[in-house]
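Architecture and fold: a report
As a plain string of letters, each chain reads:
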Amino acid sequence: MSVMAKEPLEQMIEEPGSPATGMKMSYQEFLEWCDEDTWAEWVDGEVIMTSPASRRHQEIALFLGQVIGLYVEQLGSGRVLVPPFQMKLERSGREPDLLFVAREHLDRLKENYLDGPADLVIEIVSPDSVERDRGSKFVEYEAAGVREYWLIDPLRERAEFYQLDEEGFYRPVLPEVGGVYHSQAVPGFWLKVEWLWQEPLPRVLDVLRAMQLI
């Protein structure tokens, strides 16, 4: 199998009017080409370049990764992974801001990608990703069987939560009284949505105490 060199693709991306989506490669070639410093996803055999995340995006991603990660580690309920780590679906290789894999699905984990759907995917919306996150990714994750999908929009301070119903379609789930959202994919986990908009974000230890984990 021939592996496409990285340099020609980078040169093509940098040239005005030469979109990365013009380059075709297999998913294995993409994995071998893409390193930790490359912001890219793979869709229908094409490379899709993405933009680096903003400071606020990174802060919320780190906060959720630490809180959910420590929660599932304490309960032994699965694994939490963050970029750079791919989720390979039927026709795409996506890199969510956070994914949770339940203990019963850990066999899907490969060395550098998840072979199949995560149980929970979180995408933090940025101006250049809003159409992907609400459009193509929404459809892909639903069709693939990602049980729960969160869309976190720091700019609009809006959080949307979707869970698969019995027919395999996403249905929106609203937080309960007090703005508390209860996850279906991560049993027992809950989150106060207002925490996500605080500046600075709450201390992780304070959140874990509120959850009575420490």
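Being a predicted model, the structure only gives us computed values, none of them experimental. In this convention, every chain numbers its residues from 1, walking through the sequence in written order. Local features in this predicted model are restricted to residues whose pLDDT is 70 or higher, and side-chain atom pairs enter the listing and the counts only when it is 80 or higher, whereas totals over whole chains, interfaces and linings include all residues. Remark: hydrogens and water are excluded; side-chain values derive from all non-hydrogen atoms of the structure.

1. Some words on the overall build of the protein
Broken down by element type, the protein carries five helices and 13 strands. For every residue, the accessible area (1.4 Å probe, protein chains only) is compared with the maximum for its type, and the residue is labelled buried under 20%, exposed over 50%, or partly exposed between those bounds. Burial statistics for the protein: of 214 residues in total, 50% are counted as buried. Only heavy atoms enter the contact rule, under which two residues are in contact if any of them lie within 4.5 Å. The contacts in the protein between residues at least 6 apart in sequence include a share of 55% that link residues at least 24 apart. The Shrake-Rupley method, run with a 1.4 Å probe, gives the accessible areas here. Residue values count only the displayed protein chains as cover. Surface accessibility of the protein: about 11200 Å² in total, with carbon and sulfur atoms responsible for 51%. Secondary structure counts use DSSP, requiring at least four H or I residues in a row for a helix and at least two E residues in a row for a strand, with both numbered from the N terminus.

2. Quick look at the pairing of strand β1 (residues 40-43)
Taking every second residue as pointing to the same face, both faces of β1 are buried, with A40 and W42 on one and E41 and V43 on the other. We call two strands paired when DSSP finds no fewer than two bridges between them. Of the pairings in the sheet, the one linking β1 to strand β2 (residues 46-49) comprises four bridges and is antiparallel in character. Of the residues in β2, the one forming a bridge with E41 is I48. As consecutive antiparallel partners, β1 and β2 are separated by two residues, and within that stretch D44 has a phi angle of approximately 50°, a positive value.

3. Considering the confidence of the model for the protein
Per-chain confidence: the protein averages 88 in pLDDT, with 90% of residues scoring 70 or above. Note: pLDDT gives the predictor's confidence per residue, expressed from 0 to 100. Predicted confidence for residues 1-19 stays below pLDDT 50, and this span has 26 contacts to residues more than four positions away or in other chains.

4. Details of the sheet that holds strand β7 (residues 113-115)
The strand order across the open sheet built from five strands is β2-β1-β5-β4-β7, with neighbouring strands paired in mixed fashion. Only two strands of the sheet have a single partner each, and these edge strands are β2 and β7. Averaged over neighbouring strand pairs, the angle between their axes works out to 25° when direction is ignored. For helices, the fitted axis covers only the stretch in contact; all axes are lines through C-alpha atoms, and the angles between them, taken along N-to-C directions, range from 0 to 180 degrees. In the packing of helix α4 (residues 130-144) onto the sheet, contacts are made with β1, β4 (86-88) and β5 (92-94), and the angle to β5 comes to roughly 120°.

5. Some words on the sheet that holds strand β6 (residues 98-102)
If you walk across this open sheet you meet the six strands as β3-β6-β8-β9-β10-β11, and the pairing is mixed. Of all the strands in the sheet, just β3 (78-81) and β11 (170-172) have a single pairing partner and so form its edges. Pairwise comparison of adjacent strand axes, ignoring direction, gives a mean angle of 15° for this sheet. Where β3 and β6 come together, four bridges link them in antiparallel fashion. Bridge pairing in β6 links V80 to F100. Contacting β8 (120-124), β9 (148-153), β10 (158-164) and β11, α4 runs over the sheet at an angle of about 165° to β9.

6. Describing the pattern of salt bridges
Any Lys or Arg side-chain nitrogen located within 4 Å of an Asp or Glu carboxyl oxygen qualifies as a salt bridge. Overall, the coordinates contain 17 salt bridges when judged by the stated rule. For K137, the salt bridge goes to D133, with nearest N and O atoms at 3.6 Å. Residue K137 and its partner D133 are located together in helix α4, separated by four residues, close to a single helical turn. Like D133, K137 is buried. A network of salt bridges, in which partner residues are shared, links E41, R94, E123, D133, K137 and E140.

7. Some words on the packing of aromatic side chains
Here a pair means two rings of Phe, Tyr or Trp (six-membered ring of Trp) with centres within 6.5 Å. Their orientation is stacked below 30 degrees between planes, edge-to-face above 60, and tilted elsewhere. The tally for this structure, following the rule as stated, stands at 15 aromatic pairs. Residues Y162 and Y170 carry aromatic rings whose centres are separated by 6.3 Å and whose planes lie at 50° to one another, so their mutual orientation is tilted. Classification of Y170 as buried rests on a relative accessible area of 9%. Each residue in the set Y27, F30, W33, W42 and Y113 is aromatic and connected to the rest through ring pairs, giving one cluster.

8. Section: the pairing of β9
For β9, the buried fraction is high: six of the six residues fall into the buried class. Neither face of β9 is exposed, since E148, W150 and I152 on one face and Y149, L151 and D153 on the opposite face are all buried. The sheet contact formed by β8 and β9 spans five bridges and is parallel. Counted as the bridge partner of L120 is E148 from β9. Handedness of a crossover is defined as follows: with both strands directed away from the viewer, a clockwise route from the first strand across the helix to the second makes it right-handed. The β-α-β motif built from β8, the intervening α4 and the parallel element β9 has right-handed crossover chirality. Pairing of β9 with β10, which is carried by six bridges, proceeds in the antiparallel orientation. When the sheet's bridge partners are listed, D153 is paired in β10 with R158.

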